[in-house]
Number of protein chains: 2
Amino acid sequence: MTTQSIAGPFQPGHNHKACVRDAMNIAEQLCQSKDLRLTKIRKRVLELVWAGHEPATAYQLLKKLRAEKENAEPPTVYRALDFLVEHNLVHRIESLNAFIGCDHPESEHVSQFLICSHCNQVAELDDSVTINHAVSEEAKRLGFKVSNQTVEIMGLCAACQ
Amino acid sequence: MTTQSIAGPFQPGHNHKACVRDAMNIAEQLCQSKDLRLTKIRKRVLELVWAGHEPATAYQLLKKLRAEKENAEPPTVYRALDFLVEHNLVHRIESLNAFIGCDHPESEHVSQFLICSHCNQVAELDDSVTINHAVSEEAKRLGFKVSNQTVEIMGLCAACQ
DNA sequence: AAAAATTTTGTTATATTATAACATAATAAT
DNA sequence: ATTATTATGTTATAATATAACAAAATTTTT
Ligand SMILES: [Zn+2]
Ligand SMILES: [Zn+2]
Ligand SMILES: [Zn+2]
Ligand SMILES: [Zn+2]
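A short tour of the structure in this document, coming up. The shown structure was predicted, so the numbers you read here are calculated from the model rather than taken from an experiment.

Our focus in this paragraph is the overall build of chain A. Looking only at helices and strands, chain A features five helices and five strands. Against the compact-globule benchmark of 15 Å for 161 residues, chain A has a radius of gyration of 16 Å, which places it among compact chains. Taken along the three principal axes of its C-alpha coordinates, chain A extends 50 × 35 × 30 Å. Looking at chain A as a whole, 47% of its 161 residues qualify as buried. Considering only intrachain contacts with a sequence separation of at least 6, the fraction spanning at least 24 residues in chain A is 50%. A total of about 8500 Å² of accessible surface is found on chain A, and carbon and sulfur atoms cover 47% of it. Both charge centroids of chain A, one from 17 positive and one from 20 negative side chains, sit 6 Å from each other.

Written out as structure tokens, the structure is:
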């Protein structure tokens, strides 16, 4: 698979069709290589998450899912999201109670986001060494052992300023 | 007022009584100086938040409040929390849907937390230049203008490792 | 001090987010 | 084929948060 999309939504010339296609291909590959079951429901929820770069809430996803699968209920979507989040195919944005697709689930990473409060688009920082290093430094000073982190930066993207 | 408590809960020799007393004194002073109304309810909710260094959920606070004020309802506590959060007397921890007292509301700052997943205690980093700088750097690279941030670091505190 | 305006609190109802529990179906392993 | 495991279906409910309007308290203006 070739990557024809341009990195984040805040980059000019973003090709979203290619972006989604890449994401789905990567997901298929990842699940195959790790022997995970990307079932029909999980795959469809992932596609729905990738509908845009605005994070989607579970109930927004449920509504869309119901349009094509009338017996979908909250557990249907929460279970799919649990799976997708567990395997880094989707990240949860804590400050929004919402979910966003990850475009590099295959590389182990912590997630860090830029969230535009005007257009609501979210970009994931690509494994920021800078922030990770700073976080480690601060933690070390207090003898704290980091296992996970939530870094969500709110503000205005270049286009919205 | 003198500060007799030791900085964070992860510091040995933390004197929590002094910690709470200091926090309440600072709150009183801040509200006086800014002409804010620290009403009976707001003050009591702040005290309840400061009961410990474990973040409290709104409904945990409500339960405690009800023990002494039987007509307390969700809006009672959410409104008080709105006020307290607005004026930095309390911070919301997004990843926990919970609230924690701030010991330096008078200095303008972004909040960043270390959250121990074993003892559940939370320490606020004291205006980490390191992390803030890293965040600005990353944001600048994408032409993103930061207005706010959520930095919540999960792991084990020194005592719990 | 009285009246008016503003802010806070009381109260009821409801919206939003998320999970528990147990049954059935599908898939994988033996 | 049988058994075990995983995923989904289904109903109910828990947990978090806000809307809307009335009453009370406080502050400001007259
Ligand atoms: Zn895209
Ligand atoms: Zn990611
Ligand atoms: Zn303390
Ligand atoms: Zn603070």
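Residue and element names in this part refer to chain B. An ideal rise of 1.5 Å per residue puts 18 Å on 13 residues; helix 4 (residues 74–86) measures up with 18 Å between its terminal C-alpha atoms. Within helix 4, burial applies to Thr 76, Val 77, Ala 80, Leu 81, Phe 83 and Leu 84. Looking straight down helix 4, one finds its buried side chains confined to an arc of 160°; they lie on one side. The exposed residues of helix 4 that point more than 90 degrees off its buried face are Arg 79, Asp 82 and Glu 86. On its buried side, helix 4 packs onto helix 1 (16–34), helix 2 (40–49), helix 3 (58–66), strand 1 (90–93) and strand 2 (98–101). Looking one or two residues past helix 4, Asn 88 carries a phi angle of roughly 65°, positive in sign.

The next subject is the side chain of His104(A). Residue and element names in this part refer to chain A. Relative to the helices and strands, His 104 resides in the loop between strand 2 (98–101) and strand 3 (112–116). By relative accessible area, His 104 is classed as buried at 9%. Polar side-chain contacts of His 104 include one of 2.7 Å to the side chain of Asp 103.

The next point concerns the relation of the copies chain B and chain A. In screw terms, the move from chain B to chain A is a rotation of 180° and a rise of 0.0 Å along the axis, fitting with an RMSD of 0.0 Å. Read as a symmetry element, the transformation amounts to a two-fold axis. In terms of C-alpha distance to the rotation axis, chain B has Val151(B) as its closest residue, with the C-alpha 2.3 Å off the axis. A symmetric contact is evident, with 100% of the interface residues of chain B recurring at the interface of chain A.

With that out of the way, let us pick up the protein's contact with DNA strand D. Around DNA strand D, the structure places 18 residues, and the nearest of them are Thr39(A), Lys69(A), Arg79(A), Tyr59(B) and Arg92(B). The separation between a sugar or linking oxygen of DNA strand D and a polar side-chain atom of Arg37(A) is 3.2 Å. Lys69(A) places a side-chain nitrogen or oxygen 2.7 Å from a phosphate oxygen of DNA strand D. Broken down by secondary-structure element, the contributors of at least two residues to the surface near DNA strand D are helix 2 (40–49) and helix 4 (74–86) of chain A together with helix 4 of chain B. The element that contributes the greatest number of residues to the surface near DNA strand D is helix 4 of chain B, accounting for four residues. When its residues are assigned to classes, the surface near DNA strand D shows six nonpolar, four polar and eight charged.

About the cut-offs
- Residues numbered from 1 in each chain as written.
- Chains lettered and ligands numbered in written order.
- Predicted model: local features only at pLDDT ≥ 70, side-chain atom pairs only at ≥ 80, totals over all residues.
- Heavy atoms only, no water.
- Helix = DSSP H or I, 4+ residues; strand = E, 2+ residues; numbered from the N terminus.
- Rg over C-alpha atoms; globule rule 2.2 N^0.38 Å.
- Buried < 20%, exposed > 50% of the residue type's maximum accessible area, 1.4 Å probe, protein only.
- Contact = heavy atoms within 4.5 Å.
- Areas by Shrake-Rupley, 256 points an atom, 1.4 Å probe, with all protein chains shown as cover.
- Lys, Arg positive; Asp, Glu negative; His and termini not counted.
- Charge placed at Lys NZ, Arg CZ, Asp CG, Glu CD.
- Expected span 1.5 Å × (residues − 1).
- Arc of directions from axis to C-beta.
- Polar contact = N/O pair within 3.5 Å; in protein donor to acceptor, adjacent residues only side chain to side chain.
- Least-squares fit on C-alpha atoms with pLDDT ≥ 70 in both.
- Near = heavy atom within 4 Å.
- Nonpolar A, V, L, I, M, F, W, Y, C, P; charged D, E, K, R; others polar.

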